[in-house]
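# Report on the structure
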Amino acid sequence: MYQELVLNNDPKSVISETIRTLRTNLQFSSIDKKIRTILITSSVPGEGKSFIAANLALAFAQSGSRVLLVDCDIRKGRQHYIFGSHNRAGLSNLLLENVEEKYAEYIQETKIKNLSVMFRGVTPPNPSELLGSAKNKMLIDILKENYDIVIFDSAPINGGLTDSLIMGTLVDGVVIVAAYKETSISLLNSTKKSLENVKANILGVVLNRANNKSKKYYGHYYG
Ligand SMILES: Nc1ncnc2c1ncn2[C@@H]1O[C@H](COP(=O)(O)OP(=O)(O)OP(=O)(O)O)[C@@H](O)[C@H]1O
Ligand SMILES: [Mg+2]
């Protein structure tokens, strides 16, 4: 079940331990203001955003929090695939409706206790506009009231898309995923600068890495 959810399938692996550490760090990362909404983003495609977002959501659910995972990579998100489901309707569709009345219809429970998901929905012509709309802001407030923690999977930042920068301004904190030995420091710096320019609250960087010998993946978290 849910092959990529390593915290479920291989809880003793290094990557599972790392993601639990990430969860703990996030739980303690803010003393004054509790972090309730977290955006997972990265510089370029394929660094592991969706994988980390799904497993981090699972880690919070396992610790007893009521968690919602939202796929706000409206263009290419694949959380529905990770959760063995379909993407007939999701965030993009909801944002065309009355979000207050309809949001619950777009949330699905998973087989995992405490973990619900909202998939990305049908790709619209104007994802940035949807994410930047007043409705999306209102939706995030509603979701925050209804869940202990909301994790947003997102699109990469360095392709010139503003989607994740917009989301960065709407959430309590942002975690940047970088692929070990693949993401260059200058690329990572430019991602960090872009997020700082919009005054996003950067919580830390996850170094997601593959160990070539064992073909097993690790990750490290730097606050
Ligand atoms: N730490 C890891 N351990 C095992 N597999 C991983 C790990 N990180 C990523 N992967 C795998 O690498 C592939 C790419 O990861 P993922 O889809 O999460 O990247 P992404 O940053 O979301 O990409 P995109 O920008 O295209 O959305 C997936 O098949 C995922 O399962
Ligand atoms: Mg992804």
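In what follows, the structure referred to is the one given above.
Residues numbered from 1 in each chain as written. Chains lettered and ligands numbered in written order. Predicted model: local features only at pLDDT ≥ 70, side-chain atom pairs only at ≥ 80, totals over all residues. Heavy atoms only, no water.

### Regarding the overall build of the chain
We count it as follows: Think of it this way: any DSSP run of H or I at least four residues long counts as a helix, any run of E at least two long counts as a strand, and we number them from the N terminus. Both definitions apply: the radius of gyration is a C-alpha atom measure, and the globule rule equals 2.2 Å times residues to the power 0.38. Relative accessibility decides the category of a residue: with a 1.4 Å probe and only protein chains considered, values under 20% of the type maximum give buried, values over 50% give exposed, and everything between is partly exposed. Two residues form a contact once any of their heavy atoms are found within 4.5 Å.
Looking only at helices and strands, the chain features ten helices and eight strands. Its C-alpha radius of gyration of 16 Å places the chain within 12% of the 17 Å reference for a compact globule of 223 residues. Considered along the principal axes of its C-alpha atoms, the chain spans approximately 50 × 40 × 35 Å. Taking all 223 residues of the chain together, the buried fraction comes to 52%. Residue pairs at least 24 apart in sequence account for 76% of intrachain contacts in the chain once pairs closer than 6 positions are excluded.

### Some details on the environment of Leu-69
Among the secondary structure elements, Leu-69 is positioned in strand E2 (residues 67-71). Separated by 32 residues in sequence, Leu-69 and Thr-37 place their C-alpha atoms 10.0 Å apart. Excluding residues that lie within four positions of it along the chain, Leu-69 makes contacts with Ala-53, Ala-54, Ala-57, Gln-79, Phe-83, Leu-115, Ser-116, Val-117, Met-118 and Ile-151.

### Some points on the pairing of E2
Successive side chains on a regular strand alternate, one facing one side of the sheet and the next facing the other. For the record, the criterion: One requirement defines pairing of two strands: DSSP has to find at least two bridges between them.
By the criterion of burial, E2 is predominantly enclosed, with five of the five residues buried. In this structure, E2 lies alongside strand E4 (residues 115-118), joined through four bridges in parallel fashion. Considered in E4, the bridge of Leu-68 is made with Ser-116. Note that E2 and strand E5 (residues 149-153) share five bridges and pair parallel. Within E5, the residue paired with Val-67 across the bridge is Ile-149.

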